[in-house]
Amino acid sequence: MTAAATLDDVTMRFRGQTAVDGVTATLQEDCITGLLGRNGAGKTTLMQLLTGHRVPTSGRVRVFGADPYENDAALSRICFVKESQRYPDHFRVCDVLSSAAMLFPGWDDDVARDLVAEFDLPRRRAVKKLSRGMTSMVGIVVGLASRAPLTFFDEPYLGLDAVARQQFYDRLIADYAEQPRTIVLSTHLIEEIGDLLEHVLLIDHGRVLLDEDAETLRGRALTVSGPTAAVAGFTAGRRVLHSDGIGAFTRAVVEVAGPADHAAAASAGLTPEPTSLQQLVVAMSRTTDTLQEVSR
Ligand SMILES: Nc1ncnc2c1ncn2[C@@H]1O[C@H](COP(=O)(O)OP(=O)(O)OP(=O)(O)O)[C@@H](O)[C@H]1O
């Protein structure tokens with residue numbers, strides 16, 4: 001696979017605060033990557049670095065082989081849809097779309113027109129008079145119609161109701177199938193987007209916790225529940241990501257090697273269930289919290 005972007009030992013410090021801490025990662029071309037992590041993990045800062053909005057304190061950022069900072073050629077291939085996007089005061093929806101059409105060489109007017117109709121967006125209304133959800137819709141239209149080879153969506157759903165979010169996911173998948181490209185989605189709604197993701201980059205306290213193919217990841221953990229003693233027997237020698245219980249009953253999320261472990265759990269008298277991406281992310285983030293507390 002070819003790399004659309006690479007981060008090589010990248011650190012970003014703000015006065016006294018390390019937002020990104022020695023991150024080395026690759027965004028594969030033509031892949032949908034979920035950039036996941038808790039509040040303040042460093043997701044937005046990473047995207048700002050990859051879109052040339054910031055220069056790292058140290059390390060190297062490359063997008064399509066070049067430094068994205070003040071690089072018009074690289075930037076014309078990148079679309080960054082951010083939750084806090086501001087537009088000039090007088091801009092109407094149609095002005096945003098016509099500016100974006102000039103900015104992105106691959107702009108697809110048909111995609112924009114379809115989405116505006118589907119979201120029922122008023123083309124001639126000033127953006128500042130749109131509701132929160134409608135403003136998010138404008139960002140989504142720009143992100144999808146830009147057809148930029150590298151598109152970032154930073155929590156693009158703020159204020160969107162469940163129907164509109166589903167419309168976004170459906171259109172994203174359909175458009176991606178029609179024109180594969182590199183898409184990075186940062187979101188806290190992991191359960192909703194879990195099935196869309198091909199790759200997961202999980203960060204925590206500015207560091208990479210997981211950088212893995214989503215399919216591999218789904219098979220990597222197992223949730224087992226049953227009598228505490230049986231769970232303890234099964235988890236001995238395995239990495240436990242999380243466990244909780246009531247009385248003599250325990251439920252644990254365990255790292256496993258493969259399907260043989262599912263059978264082993266069942267024959268130990270436990271109930272094995274697949275672990276969802278969301279459960280895995282929560283379990284892994286909790287594990288690092290515990291480790292951080294221990295090291296304090
Ligand atoms: N301009 C800045 N000045 C100082 N600190 C900053 C700045 N931008 C970000 N930070 C800090 O860097 C850390 C990472 O922030 P960032 O916005 O990248 O996190 P995030 O993962 O996007 O969080 P969220 O999911 O809450 O949006 C936070 O501790 C934040 O307070």
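Everything in this summary refers to the structure shown in the same document. (Residues numbered from 1 in each chain as written. Predicted model: local features only at pLDDT ≥ 70, side-chain atom pairs only at ≥ 80, totals over all residues.)

**Focus on the environment of Val-253**
Take Val-253: it is sitting in strand S12 (residues 249-255). Residue Val-253 is classed as buried on the basis of its C-beta count, with 24 C-beta atoms lying within 10 Å. When residues no more than four places from it in sequence are discounted, the contact partners of Val-253 are Ala-221, Thr-223, Leu-241, His-242, Thr-275, Gln-279 and Ala-283. (Helix = DSSP H or I, 4+ residues; strand = E, 2+ residues; numbered from the N terminus. Buried ≥ 20, exposed ≤ 12 C-beta atoms within 10 Å, placed from the backbone. Contact = placed C-beta atoms within 7 Å.)

**Section: the packing of helix H3 (residues 93-103) against helix H5 (residues 132-145)**
Where H3 meets H5, the axes come as close as 10 Å, and the angle between the chain directions of the two elements is 20 degrees. Our classification of the angle between H3 and H5 gives roughly parallel. Crossing of H3 over H5 shows right-handed handedness. Between H3, through Val-93, Val-96, Leu-97 and Ala-100, and H5, the contact on the second element is made entirely by Val-138, Val-141 and Val-142. Here the residues of the contact of H3 with H5 are counted per class, giving seven nonpolar, no polar and no charged. (Axes fitted to C-alpha atoms, helices over the stretch in contact; angles between N-to-C directions. Parallel < 35°, antiparallel > 145°, perpendicular 65-115°, else oblique. Left-handed = near helix turned anticlockwise from the far one by under 90°. Nonpolar A, V, L, I, M, F, W, Y, C, P; charged D, E, K, R; others polar.)

**Let's talk about the site of the ligand**
Surrounding the ligand, one finds Phe-14, Gln-17, Ala-19, Gly-37, Asn-39, Gly-40, Ala-41, Gly-42, Lys-43, Thr-44 and Thr-45. Elements supplying a minimum of two residues to the shell around the ligand: strand S2 (17-28) and helix H1 (43-50). Here the residues of the shell around the ligand are counted per class, giving three nonpolar, seven polar and one charged. (Near = placed C-beta within 6 Å.)

**Focus: the sheet that holds strand S6 (residues 150-154)**
Sheets are built from strands that pair by backbone hydrogen bonding, the pairs being arranged parallel or antiparallel. Read from one edge to the other, the open sheet built from six strands follows the order S5-S6-S7-S3-S8-S9, with strand pairing classed as mixed. What marks the edges here is a single partner per strand, and that holds for strand S5 (78-82) and strand S9 (207-213). Averaged over neighbouring strand pairs, the angle between their axes works out to 15 degrees when direction is ignored. Examined bridge by bridge, strand S3 (residues 32-36) and strand S7 (residues 182-186) share four bridges and lie parallel to one another. (Pairing = 2+ DSSP bridges.)

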